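Each chain is listed here by its residues.
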Amino acid sequence: MRTTRLSVAMLAAVAVAAAACKTDLTGLNVNPNSPSIATPPPAGTIFANAVRVTNQRVGGSAYQLSQMELLAQHISQVQYVDEDRFNYRVGNIANFFDQPYYLDLMDYQQVYQIGSTAKDANSWGPAKVMQTYVYQSMTDTWGDIPFSQALQGMTGPMKPVYDAQKDIYYAMLKALTDASTAMGTGAGLGSSDPVYGGDAAKWKKFSNALRARMAMRLQKADPAKATAELAAAFSGPGGLMASNADNAKISWPGDAVYDNPWAANFSTRDDHRVSKTLLDYMGPLNDPRVPIFAQPTVADPTKYTGLQNGMDNATANSFFNTTSRPGAIFYPGKTTYGTYGSTAGRATPTYMMTYAEQCFIQAEAANRGIGGLSAAQAKGFYDAGVTASITQWGGTAAQAATFLADPNVAYKSGTDGLTQILMQKWVALFSQGGEAWSDWRRTGIPTAIAAGPKALATTMPRRMQYSTTEQSVNNDQLLAAIARQGADALTTRMWWDK
Amino acid sequence: MNIRLARAWLAGVVGLAMCTGASAVAQAQAPTTIKGRVVTEAGNPLAGTSVFIDALKTGAQTGEDGRYTIVVAGRTRGPAVLVARRIGYKRATTNINLSGTALTIDFTLQSQAMQLTGMVVTALSVQREKTTIGTSQQALDNTSLTQTREANLINAMSGKTSGVSIQGSGNIGGSSRIVIRGAGSITGNNQPLFIVDGVPVSNQGFSTASAGGGRDYGNAISDLNPDDIASITVLKGPNAAALYGSRASNGAVVISTKNGRGAAEGVTVQIRNYMTYDQFSVMPKFQNRYGQGFMGEFSFVDGAGSGVNDGADESWGPQLNGQPIDQFTGPKMPWVAHPNNVKDFFQAGHTVSNAVSVTANGAKSAARLSLTKDNTQGIVPNSSLARLAAVVSATTAITDKLSVSGSLQLVQNQGFNRPINGYDEGNPFMGFTWFGRQVDVQALKAQYYQADGSLFNWNYNYHNNPYWTAYENSEIDSRDRVISQASVNYTATDWLKGMLRVGQDFYRNVADEHFAKGNIDHGNASYNGMFTNSARRAYESNIEGLLTANRSYGKFDFTGTMGGNIRRNDEFRSAYSTTGITVEKIYNLSNAAIVPTVTNSEYHWGVNSIYGSAVATWNKVATVEVTGRNDYSSTLPKENSSYFYPSVNGSLVVSDLLPAITKGGWVSFMKVRGGWAQVGSDAQPYQLQTTFAGSSNKFGGRTQFSLPDQSANSVLKPERTYGTEGGIEVSLLDDKVTVDATLYNKITKNQIFPLTTASAIGYSSAVVNAGQMSNKGVEAMVTLRTLELKNGFNWRTTINYTRNRNKVDELAPGLTTIQLARQWSTNIEARVGQPYGTIFGKPFARDSVTGKILTQDGLPLGSSTLKVLGNVNPDWTGGVNNEFRYKNYTFSVLFDIRQGGENFSIGNWWGKYSGILQETLKGREEAWDKPGIVFDGIDKVTGKPNTVNVTAEDLNHNANYPIIEGSIYNTGFVKLREARLSWDVPGTLLEGLHLKALNVALVGRNLFTWTKFPNYDPENAANSDNGGQGFDMGALPTTRSIGLNFTITP
């Protein structure tokens, strides 16, 4: 009896203990919520997300509107004027540097790998072009950045080296060449592709145009490479953009989930005005884009007045109602921003590269006589660029013709012509301030761009400082880059700016 | 058998040996036999009592029946003093005469509560005599938890336990953070495991509150009703808790609920009623000389920038001299201060709590049923919280050998309009940080819509009318909880017991938030409002089998346990939200104007465990315990999923081993103990394989997938926590003073955490095993019977002290810091060589020679090199409780002390920037720009002392932002945490009331705070997460509560 009782008690407890000895529960650990890298979702779903993310940043309100556009002096800040005074928020700068790698570049890499495995250039080509587009905006902002060892996850170096900007440029030019060459015609990523709906022919044009943009960037530092690459780009496989229909842009759904980032910002914030530098140039020329880029002032609805960059908060604020808000294409209908407003403007596209910009690159090449073009061709490209920009922004061809007929606008050759090309390119790059800032750094045009009266420095920044995160996690490589490139300062000029 | 008895026995043996040679003498001197029984006041036998004659060094110890026998050799004759002593009881003495005649001497010992003895609950709910335990633990009884009726169990523990750090919040039903012996894990949950009646229960935090907004829905352990808790044992650190496994590496809080056992026989009914009034405890010191605006100017047109500075939400405007100025309340209104405009917004909150319990206790069975209903009205208008808790527990002996017991707790919480936290317009306190000091809140209260239906407010750029927020942006949340457990105990033989226990903890947490049309900060301004819903349900089930063997061999007692546990966790989360609706105030998905975002996810994980322990006690004096546990976790890779960890501890009752030290009456008890333990921990589920994250939002109709920011890691190993501790327990001066002190060292290695990576690898972080963090410290508890008078006056003091030194020893190779949280470019970090929770941000630029702050144009400059500006850890914490009893009255008062530690006070930071705080008057004593301030610094250009005069406005805008250094403050405080005056209504009065007992108490919580921390409550934190420490986001202060409690036994 005693033995029996003992066994009953033992059995109950031991049964549990024995059951608890089941040693492999790892079958429970399969994530039921998401597909894994081993069985990835379709490449197009990854591409669509990455393109959106890229445009929300590069075309977005923090990076573009409140950073690059201020440097290009298209836009100025009427309150919270820190960036306009070069008082940059360390955290924001860190995000601009860090986020592209893991938010979109890594996803383009996945699309590239899926496409490469499937030997489908029309899938991996667009991913490569987009990735190069993002890399270019990054190296133009910081100079040397991690590139050759980047995007390998935990299988590659955990502390990727910073590549010299020259090497990055050469590699990017090659990547675009490879993409243009490999892509054919056909559906590619199909309707998942938010840029061209899978039209590989258009991706080839974008790739060539981007190659031309990068080549022109090398005009000062590496003229031989610049002219060779310009020539190659102008005759690249698949040709160049031929009209605004070829623009590399995304059209925002405007469904209030995914809106034009500037429109989204303006619907809740009222921190920006159009820069005095821009309107002081456009206004006297009666540029038809003035009422598109700017809204009339509250104080005087007949006037478009720009706000000077780089004033202190209180002074800038005193111009609240006497300077122009950014254009109604983003946030129309009300002169006072705030709680209610129209929903139009949300679908305004974000431009990555336009036919107009390409025309101005060609015009500059022609004016300089590089890339296989001659000075005589410059006027044609200039006129095409101005016309394309005006119509791109909603003006008419007739307005463009009138504008171009103005003696102050009509193309003059030589150095004056070069200045005209670069000034009109600067205007055309409205909302793409990063590119405009790069052109200013390379050419010094517009000459009116200068540090504001209350800026923390007397000269305009030539680059941004590196991410503070890198100091924590990749400091040795960061220091090597700084040793090569120069102090991690706003004033340090990068390779193509020397 | 104690040492004295052993000696007596030895003496007897020697005596017997002598007797054989001298029997004639022996016959002439017969021994004296003394027998008797020692009982408690209640008449229960008291085992383990020493009964002895000190002068003769002879004595005995009582057995289980309380009986003892002493034989005194016959050669000893004459008067002697017989002493009965047991730890925890007053010593008793009787004069006897040794004559050879047998004596029967019984003792009744009066209880003398002492911290160092008695039965306590240890790991696996095993009850053991405290003197045999080699680890540090501390028990709290029901009285100490419920005396001021703090509904949150964790808050109720504040100041009462050493080694335990508790951080409450002022949010209605808000979360509290409890950390034992310092944070051990860099990014894991540093809070202890909670065990209720042997079953692990969740203390999941539900706060969505962050520095940037969100709401604080409290943490799950607050579901437990303090009234239903019989006792709590805090197992401090891995040593005491090793047997509970992985999740107890941060210690464990073992809770026993009342089940009727121990109550008076028969049926007892108890009714408790609590009413408390809650007030805002710490109000910032506002300035009342300047109103809204900038540079001394303001004139209202549309409150959005069209007038003169009328979009401003700062108070740098005109002096408040009663002059006519256009305002939101009308044109040419007198420009006057409203000094109480913040205070007036908050109302007196109150809590009404009613509890009824019925206890039945019989010979074989006991049962208890309790119902508690709490209703709390918050200090923010229109916010409330209700909790209904029903608990049934029962235990019965089916046979002598077989007993079953079980309990079921049903808890329903319902929150209504909990205010938003942090930097969000839904936080009224944040709105008052960006404020016009002239604003009349009564006008905002009277009206929040204009005639045309649009909103009425003092500012239309950035703010909601706070009353409108409180009444129009509704929020409803609920948490339903079921905690159940049942166990069968079988006593197989007198030395072997078996136990089988199943437990389940389930909760469902749902929160709905509605934001009305026109709300700032939430929703798309072009639509008519928005709403969110989030739901989570979680299950944890445990099945445990345990065998306990208990045998004695001579002076040795052995206890062995062996058990196994099967745990499974399942969690389901879902949420939907839209940022725009079509028809106002219809918060239904069918009314979504913007495609809703929908998410859902599920998590499943489990751990199987086998474990055992062996305890050997020699002569009740020396004890050694070894434990071991092996876990099999689902969350680690197969090759690393099984991991074993041992512990060992021992204790020695020195005062019994060497009774000599008790001579002289200074030391009456002394025990030393020490232990070493290791605990392994697993990972969160699904961290081994990187998966794509999808979104329900289609981008223009396109499905979107993306790699996550964080890389998985397929080669994770278990975390290891090592604990070493040594302690001493001393009772002095006839137990007038007791000290329980512990030195400990806790090291956590191989931590599993998301390591910030160089983002260029394609991920911003990767889950890795790395890092080591250590906590060294002292915890001590001193209890004093400070004063005892013959008239019954009795004063007792309890002092707790904790000093923990935390250090991040290493992170990953080459990595010096991990960011735990970030606000405005200021980080809370785990930084190598520094304590966990370092505040890292922008300091002033300083002159290298004088150390003074550098200026430019009269304004301080910030340095571009960020540096450590402080850390969140206190130097030490403590609690002092004094209890005074006299006749039917008890008065107790508890001070809670925190010395040192810093935070980045965002409330003060913005409060200075916006010119609302009193200190911003400096430099504008005469006019908005007069006399100005010549900042005491060194001009960067000239290298000479600054001479440039700037306005208070310029200085506050530029010195405080973005230079964080000026807004780091010491968070030390002394709080009068609890005070209670209670009166047991005397029996003579009760008869008329037909009651058996009635206690009336006047109670107060958080009555006063002494602190150098300016303007806000230093105890504030954004939430109870690791990273929530170190920022105060203008969170609501802990409330000051005053109330009345009635405890009625009919």
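Given the structure is predicted, the values throughout are model-derived calculations rather than measurements.

1. Describing the side chain of Glu435 of chain A
Residue and element names in this part refer to chain A. Structurally, Glu435 is set in helix α17 (residues 433–443). Taking the relative accessible area as the measure of exposure, Glu435 reaches 8% and is therefore buried. Within polar-contact distance, the side chain of Glu435 engages the side chain of Gln136 at 3.2 Å.

2. Details of the sheet that holds strand β43 (residues 854–856) of chain B
Residues and elements named next belong to chain B. Spatial strand order, β44-β43-β50: three strands in an open sheet with mixed pairing. The outermost strands of the open sheet, each flanked by one partner alone, are β44 (859–860) and β50 (938–939). Two strands pair when backbone bridges link them, and β43 and β44 are joined in this way by two bridges, in the antiparallel orientation. Looking across to β44, one finds that Gln856 is bridged to Leu859.

3. Looking at the interface of chain B and chain A
Reports of interface size often rely on the accessible area that becomes lost once the parts have come together. In this complex, chain B contributes 102 residues to the contact, which on the side of chain A involves 94 residues. Taking both partners together, chain B and chain A bury about 7,700 Å²; carbon and sulfur atoms supply 61% of that area. If you sort the residues of chain B by the area they bury against chain A, Phe692, Phe699 and Ile761 of chain B come out on top, with a joint share of 10%. In this structure, the connection of chain B to chain A is made through zero salt bridges. One can count 18 residue pairs in polar contact (both at pLDDT 80 or more) joining chain B with chain A. Considering every element that reaches the side of chain B that touches chain A, the biggest residue donor is strand β29 (residues 597–618) of chain B, with eleven residues. Counted by class, the side of chain B that touches chain A contains 47 nonpolar, 44 polar and eleven charged residues.

4. Concerning unusual backbone geometry
At the junction of Ile445 of chain A and Pro446 of chain A, the peptide bond is cis and its omega measures out at 5° in the coordinates. As for its placement among the helices and strands, Pro446 of chain A is situated in the loop between α17 and α18 (468–473). That bond from Lys930 of chain B to Pro931 of chain B is cis: its omega, 0°, falls within 30 degrees of zero. Note on placement: Pro931 of chain B falls in the loop between α10 (906–913) and β49 (933–934). Despite not being glycine, Phe86 of chain A has its phi angle at roughly 65°, a positive value. Among the secondary structure elements, Phe86 of chain A is positioned in the loop between β1 (75–77) and α4 (90–117). With a phi close to 55°, Asn286 of chain A is a non-glycine residue in the positive phi region. The topology assignment puts Asn286 of chain A in the loop between α10 (276–282) and α11 (290–293).

5. Side note on the pattern of salt bridges
All names here are of chain A. Scanning the model with the defined rule gives 63 salt bridges over all chains in all. Note that Arg325 is salt-bridged to Asp270, the shortest N-O span being 2.7 Å. With Arg325 in the loop between α12 (313–318) and β6 (350–353) and Asp270 in the loop between α9 (261–268) and β5 (272–274), the pair connects residues that are 55 residues apart, well separated along the chain. Exposure class is identical for Arg325 and Asp270. Each is buried.

6. Regarding α17 of chain A
All names here are of chain A. Of all the eleven residues making up α17, ten are buried; the element is thus mostly covered by neighbouring parts of the structure. Within the span of α17, buried status applies to Gly433, Gly434, Glu435, Ala436, Trp437, Ser438, Asp439, Trp440, Arg441 and Arg442. Taken from the residues just after α17, Gly444 is the one with a positive phi, measuring 75°.

7. Comments concerning the packing of helix α2 (residues 43–58) of chain A against α4 of chain A
Residue and element names in this part refer to chain A. Remark: α2 packs on α4, axes separated minimally by 9 Å, with the N-to-C direction vectors making an angle of 150°. As far as their axial angle goes, α4 and α2 are roughly antiparallel. Once α2 is placed against α4, the crossing between them reads as left-handed. Packed against α2, whose contacting residues are Ala43, Ile46, Phe47, Asn49, Ala50, Val51, Val53, Thr54 and Arg57, the element α4 presents Gln99, Pro100, Leu103, Asp104, Asp107, Tyr108, Gln110, Val111 and Ile114 at the interface.

8. So, a nonpolar patch on the surface
All names here are of chain B. Taken together, the side chains of Met275, Val352, Tyr886, Tyr889, Phe891, Leu981, Leu1002, Ile1042 and Leu1044 present a nonpolar region at the surface, about 740 Å² in accessible area. At the level of secondary structure, the elements contributing two or more residues to the nonpolar patch comprise β47 (889–899) and β56 (1039–1049). Mapping Phe891 onto the fold places it in strand β47. Relative accessible area serves as the criterion here: at 37%, Phe891 is assigned to the partly exposed category.

9. Some thoughts on the confidence of the model for chain A
Of all residues in chain A, 93% attain a pLDDT of 70 or more, and the chain-wide mean is 91. In the predicted structure, residues 335–341 of chain A sits below a pLDDT of 50 and forms 29 contacts with residues beyond four places in sequence or in another chain.

10. Observations concerning the pairing of strand β16 (residues 229–235) of chain B
All names here are of chain B. Counting buried residues along β16, five of its seven residues qualify, which places the element largely inside the surrounding structure. Here strand β11 (residues 137–141) pairs with β16 via five bridges, running antiparallel. Looking at the pairing, Ala139 lines up with Thr233 of β16.

11. A word on the pairing of strand β19 (residues 324–327) of chain B
Relative to strand β20 (residues 330–334) of chain B, β19 of chain B is paired through three bridges, and the arrangement is antiparallel. When the bridges of β20 of chain B are listed, Pro324 of chain B appears paired with Pro334 of chain B.

12. Looking at the packing of aromatic side chains
Residues and elements named next belong to chain B. Summed over all chains, the structure comprises 65 aromatic pairs over all chains. Pairing Phe346 with Phe429 gives two aromatic rings, centres 5.7 Å apart and planes at 80°, and the pair type is edge-to-face. In this pair, Phe346 is assigned in the loop between β20 and β21 (349–361) and Phe429 in helix α6 (residues 428–433), connecting sequence segments 83 residues apart. In this structure, Phe346 and Phe429 share a single accessibility class: buried.

13. Let's talk about helix α5 (residues 121–142) of chain A
Residues and elements named next belong to chain A. The first and last C-alpha atoms of α5 sit 30 Å apart over 22 residues, in line with the 32 Å expected at 1.5 Å per residue. Counting buried residues along α5, 22 of its 22 residues qualify, which places the element largely inside the surrounding structure. A positive phi of about 95° marks Gly143, the residue just after α5.

Rules and cut-offs
- Numbers given for residues are sequential positions, taken from 1 along each chain in its written order.
- The lettering of chains begins at A and the numbering of ligands begins at 1, in the order of writing.
- Under the rules for a predicted model, residues below a pLDDT of 70 receive no local features and side-chain atom pairs below 80 are neither given nor counted, while totals for whole chains, interfaces and linings still include all residues.
- Excluded from the side-chain calculations are hydrogens and water; all other atoms, namely the structure's heavy atoms, are used.
- Only DSSP runs of H or I reaching four residues or more are called helices, and only runs of E reaching two or more are called strands; each is numbered from the N terminus.
- Type-normalised accessible area, obtained with a 1.4 Å probe on protein chains alone, sets the label of each residue: buried when under 20%, exposed when over 50%, and partly exposed for intermediate values.
- Two N or O atoms form a polar contact when they lie within 3.5 Å of each other; inside protein one atom must be a possible hydrogen donor and the other a possible acceptor, and for residues adjacent in sequence the pair counts only when both atoms belong to side chains.
- We call two strands paired when DSSP finds no fewer than two bridges between them.
- Note on contacts: a residue pair is in contact if any heavy atoms of the two residues lie within 4.5 Å.
- Accessible surface is computed with a 1.4 Å probe, and the buried area is the amount of it that two parts give up when combined, taken over both parts together.
- A side-chain nitrogen of Lys or Arg and a carboxyl oxygen of Asp or Glu constitute a salt bridge if their distance falls within 4 Å.
- Note on residue categories: nonpolar means Ala, Val, Leu, Ile, Met, Phe, Trp, Tyr, Cys or Pro, charged means Asp, Glu, Lys or Arg, and polar means any other residue, Gly included.
- Helix axes are fitted to C-alpha atoms over the stretch in contact, other axes to C-alpha atoms as well, and angles between N-to-C directions run from 0 to 180 degrees.
- The cut-offs work like this: below 35 degrees is roughly parallel, past 145 is roughly antiparallel, 65 to 115 is roughly perpendicular, and the gaps in between are oblique.
- With the far helix as reference, a near helix turned anticlockwise by less than a right angle produces a left-handed crossing, and one turned clockwise produces a right-handed crossing.
- Only residues whose relative accessible area exceeds 30% and that take part in no salt bridge are eligible for patches, with like-charged residues grouped when within 9 Å of each other and nonpolar side chains (Val, Leu, Ile, Met, Phe, Trp, Tyr) grouped when within 5 Å.
- Here the open area of atoms and residues is found with the Shrake-Rupley method and a 1.4 Å probe, where only the protein chains shown may cover a residue.
- Each residue carries a pLDDT score, the predictor's confidence in it, ranging from 0 to 100.
- The criterion for an aromatic pair is that two Phe, Tyr or Trp rings (for Trp, the six-membered ring) have centres within 6.5 Å, with stacked assigned to planes under 30 degrees apart, edge-to-face to planes over 60 apart and tilted to the rest.
- Multiply 1.5 Å by the residue count of a helix minus one, and that product is the helix's expected span.

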